[in-house]
Amino acid sequence: MAEYILEMNGITKEFPGVKALDNVNLKVKKGEIHALCGENGAGKSTLMKVLSGVYPHGTYTGEILFNGEVCQFKDIKQSESLGIVIIHQELALIPNLSIAENIFLGNERARTGIINWPETFIQTERLLKKVGLRESPQTLIRNISVGKQQLVEIAKALSKEVKLLILDEPTSALNEVESENLLNLILEFKKQGITSIVISHKLNEIMKISDSITILRDGKTIETLDVKKDDVTEDRIIRGMVGRDLIHRYPDHTPHIGETILEIKDWTVCNPNNPDQKVVDHVNITVKRGEIVGIAGLMGAGRTEMAMSIFGRSYGKHIEGQIIKDSKPINIKSVQDAILHGFAYVTEDRKNFGLNLITSIKENMTLANLKGISNNTVIDESREILSVEDLRKKLRIKSSNILQLAGNLSGGNQQKVLLSKWVFTEPDILILDEPTRGIDVGAKYEIYTIIQQLADQGKAIILISSELPEILGMADRIYTMNKGKITGEILKEEATQEILMKYMTKVG
């Protein structure tokens, strides 16, 4: 008989108006890498929150056994005391504390109540080296990218006596190289006897590292597959997730490219924390109406910094260069200016910069374009409701209604709300920074279709993505960046992953 480290039997969890989990069963063998797959809203993250005590015993029905013992966790501290550590899709770090302080928060290296900082920094450096992050332990979290913050979360998990490591979309913020390093790290954990549960929408990664795969759909267990014994393919996983075959990952599209709408000339941006450091270095790009332009680069290449600085100088110091729209130079000094000039920016960090998680879907969707639902500065509630319901249906956002809090949605549905917010501004130029991060394959297809429809309306799309297949599948033309500079410009028909990687690592 197989030896299970974890058994979850008949787990049912309800929220107002929604049954998130319906009699779910999950069994995980000791020492294996067990993948949990499903569409957004299928119940994956909810199930793991039940397991880790985020949703305490008594708020759900069913039974949890860990190492053969019945567990009734009241909070996350109880589950961690047994070696169950979860890294959530939405990171839980404190921006104004250092990397070292975040890693050992609540688990301080102290004697008689006094923190031993030399030991803390030494252990932090060891943990950072394990996850491949080259940063000083004293660097503040707010000064590093989302991808690097993900690695800090993993380092934090490793600082505890981990027996079962749960990773919710661990590579969603990472590019190809960092993702590969992390996957190898998870495989190394397996050699050390650590059991892992991995939630991911990146099926190629699931296929690479998993021993078993459990598929959820609409809050129910569909099946558990043994990767070695069963005939497991990406298509089979997709069929289980969406209930149908998904033949094409990217919609067929014939672009209708018009005149140049946007030119960025000699764009230079300095690091606000180190004004002598150029993070964007004399960048020149153009975008045409109806064109989807991809921006590819490794972590730290300057893609997000460039996008944010263009969008109302949201990032950077000593910004220089020229923005030309429709052949006329424009001066954008603020986000409000950017919106008035027809720009929209879908951030990679929806939690901190994209959404107000304590307000409703309705309020989030219309916040950037209140004029669109107002009469003489007075909001027309009927028009607002109709507009939001229309967007909710088009993007297939899973929610009880438009008054549901954005913070209660799954990560993927939050991303759809964020995209809706900026689509509602009816922009001419839409900058999409990792627009499908944390979104399942079915929902990705819907997002891709919307992006293409926007391009067909004559809008210019700038698509930043760490997933090279996404860039290749969607972009009509691709710029590569490295160390703040444009290192290549490649047409769709000429682009391959190998060519992009060559330019993404090119110096100068």
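Check the entry above for the structure.
In this text the structure is predicted, and so the values were computed from the model without any measurement.

> Looking at this structure, how should I read a nonpolar patch on the surface?
A contiguous nonpolar surface patch, about 250 Å² in accessible area, is contributed by Leu367, Leu370 and Ile379. Relative to the assigned elements, Leu367 resides in the loop between helix H12 (361-366) and strand E19 (374-375). Residue Leu367 is classed as exposed on the basis of its relative accessible area of 51%.

> Before we go on, may I ask you to explain the nonpolar core in this structure?
Among soluble globular proteins, nonpolar side chains are generally buried collectively. Counting 66 residues, the largest nonpolar core has Leu262, Trp267, Met306, Ile323 and Phe343 as its most contacted members. Looking at this core element by element, the count peaks at 7 residues for helix H15 (residues 441-456). Dropping the residues within four chain positions of it, Met306 is found in contact with Trp267, Val280, Val283, Ile285, Ile295 and Met481.

> Please clarify how the sheet that holds strand E1 (residues 4-15) should be interpreted in this entry.
The strands making up a sheet are joined through hydrogen bonds of the backbone, oriented either antiparallel or parallel. On the basis of which strands lie adjacent, the open sheet formed by 4 strands has the order E2-E1-E4-E5 and antiparallel pairing. Edge positions in the open sheet fall to strand E2 (18-29) and strand E5 (69-71), since each of these has one partner strand only. For this sheet, the mean angle separating the axes of adjacent strands, direction not counted, is 25 degrees. Where E1 lies against strand E4 (residues 61-66), 5 bridges are found, and the strand directions are antiparallel. Bridging across to E4, Asn9 finds its partner in Glu63. Strand contacts of helix H1 (residues 44-52): E1, E2 and E4, with the helix running at about 115 degrees to E1, the strand carrying the most contacts.

> What is the right way to look at unusual backbone geometry in this model?
With the exception of glycine, the majority of residues adopt a negative phi angle, and the majority of peptide bonds are in the trans configuration. Even without glycine at this site, His318 takes up a positive phi of about 50 degrees. Within the secondary structure, His318 sits in strand E16 (residues 317-325).

> It is not clear to me how the side chain of His201 should be interpreted in this structure. Could you clarify?
Here His201 lies in the loop between strand E10 (195-199) and helix H7 (203-209). Within the structure, the side chain of His201 is placed 2.6 Å from the side chain of Glu169, a separation counted as a polar contact. If near-sequence neighbours (up to four positions away) are discounted, His201 is found in contact with Gly38, Glu39, Asn40, Lys44, Glu169, Gly438, Ile439, Asp440 and Val441.

> It is not clear to me how the packing of aromatic side chains should be interpreted in this structure. Could you clarify?
Geometry of an aromatic ring pair is reported as the spacing of the ring centres plus the angle between the planes. Evaluated as defined, the whole model comprises 5 aromatic pairs. Between Phe311 and Tyr345, the ring centres sit 5.8 Å apart and the planes meet at 40 degrees, which makes this aromatic pair tilted. Residue Phe311 is found in the loop between helix H9 (303-310) and E16, and its partner Tyr345 is found in strand E18 (residues 343-346); the two are separated by 34 residues along the sequence. Taking relative accessible area as the criterion, Tyr345 reaches 7% and is therefore assigned buried. Chaining the aromatic ring pairs together yields one cluster made of Phe311, Tyr345 and Trp422. Over the aromatic face of Tyr55 sits the side chain of Lys13, whose NZ or CZ is 4.7 Å from the ring centroid.

> Looking at this model, I keep getting lost on the pattern of salt bridges. Mind explaining?
Per the counting criterion, the structure on display carries 21 salt bridges. Between Lys220 and Asp22 there is a salt bridge, with its nearest N and O atoms 3.9 Å apart. Of the two residues, Lys220 is situated in strand E12 (residues 220-226) and Asp22 in strand E2; the sequence distance between them amounts to 198 residues. Across the salt bridge formed by Arg477 and Glu489, the nearest N and O atoms sit 2.9 Å from each other. Note that Arg477 is positioned in strand E23 (residues 477-482) and Glu489 in strand E24 (residues 485-491), a separation of 12 residues in sequence. Residues joined by salt bridges that share partners form a network here, namely Glu291, Arg477 and Glu489.

> Can you walk me through the pairing of strand E9 (residues 164-168) in this structure?
Where a strand is regular, its side chains alternate between the two sheet faces. Burial of E9 is extensive: 5 of the 5 residues sit out of reach of the surface. Neither face of E9 is left uncovered, since the one carrying Leu164, Ile166 and Asp168 and the one carrying Leu165 and Leu167 both have all their residues buried. Examined bridge by bridge, strand E6 (residues 84-87) and E9 share 4 bridges and lie parallel to one another. Looking across to E9, one finds that Ile84 is bridged to Leu164. Examined bridge by bridge, E9 and E10 share 5 bridges and lie parallel to one another. Bridged to Asp168 within E10 is Ile199.

> Would you explain the sheet that holds E18 in this entry?
Strands sit in the order E18-E21-E22-E15-E23-E24 across an open sheet of 6 strands; the sheet is mixed. Each end of this open sheet is capped by a strand with a single partner; those strands are E18 and E24. Ignoring which end each strand starts from, the neighbouring axes of this sheet average 20 degrees apart. Here strand E21 (residues 429-433) pairs with strand E22 (residues 460-464) via 5 bridges, running parallel. Across the sheet, the residue bridging to Asp433 is Ile464, located in E22. Sitting on the sheet, helix H14 (residues 411-423) is in contact with E18 and E21, with an inclination near 175 degrees to E18.

> Just to check I follow, could you spell out the side chain of Glu153 for this structure?
Looking at the secondary structure, you find Glu153 in helix H5 (residues 146-158). Summary of buried charges: Glu153 has no salt-bridge partner, and the nearest side chain of opposite charge, Lys156, is 5.0 Å away. Leaving out residues up to four positions away in the same chain, Glu153 has contacts with Ile87, Leu91, Ala92 and Leu93.

> Looking at this model, I keep getting lost on the environment of Lys317. Mind explaining?
One can find Lys317 in strand E16. Lys317 sits in the partly exposed class, given a relative accessible area of 42%. In this structure the C-alpha to C-alpha distance between Lys317 and Asn369, which are 52 residues apart in sequence, comes to 28 Å. Sequence-distant contacts of Lys317, that is, excluding residues within four places in its chain, are made with Val269, Cys270, Pro272 and Pro275.

> Just to check I follow, could you spell out the packing of H14 against H15 for this structure?
Packed helix pairs are characterised by how far apart their axes lie and by the angle those axes make with each other. Where H14 contacts H15, the two axes come as close as 12 Å, and the packing angle between them is 10 degrees. Between H14 and H15, the interaxial angle falls into the category roughly parallel. Note on element contacts: H15 touches H14 through Ala443, Glu446, Ile447 and Leu454, opposite Lys416, Leu419 and Val423. Here the residues of the contact of H14 with H15 are counted per class, giving 5 nonpolar, no polar and 2 charged.

> Teacher, can you tell me more about the pairing of strand E14 (residues 274-288) here?
Examined bridge by bridge, strand E13 (residues 260-271) and E14 share 8 bridges and lie antiparallel to one another. Across the sheet, the residue bridging to Cys270 is Lys278, located in E14. From the end of E13 to the start of E14, which pair antiparallel, there are 2 residues.

Cut-offs applied
- Residues numbered from 1 in each chain as written.
- Predicted model: local features only at pLDDT ≥ 70, side-chain atom pairs only at ≥ 80, totals over all residues.
- Heavy atoms only, no water.
- Patch = residues over 30% accessible without salt bridge, like charges linked within 9 Å, V, L, I, M, F, W, Y side chains within 5 Å.
- Areas by Shrake-Rupley, 256 points an atom, 1.4 Å probe, with all protein chains shown as cover.
- Salt bridge = Lys/Arg side-chain N within 4 Å of Asp/Glu carboxyl O.
- Helix = DSSP H or I, 4+ residues; strand = E, 2+ residues; numbered from the N terminus.
- Buried < 20%, exposed > 50% of the residue type's maximum accessible area, 1.4 Å probe, protein only.
- Core = buried A, V, L, I, M, F, W, Y, C linked by side-chain atoms within 4.5 Å.
- Contact = heavy atoms within 4.5 Å.
- Pairing = 2+ DSSP bridges.
- Axes fitted to C-alpha atoms, helices over the stretch in contact; angles between N-to-C directions.
- Polar contact = N/O pair within 3.5 Å; in protein donor to acceptor, adjacent residues only side chain to side chain.
- Phe/Tyr/Trp six-rings, centres within 6.5 Å; stacked < 30°, edge-to-face > 60°.
- Lys NZ or Arg CZ within 6 Å of the ring centre and 35° of its normal.
- Lys, Arg positive; Asp, Glu negative; His and termini not counted.
- Parallel < 35°, antiparallel > 145°, perpendicular 65-115°, else oblique.
- Nonpolar A, V, L, I, M, F, W, Y, C, P; charged D, E, K, R; others polar.

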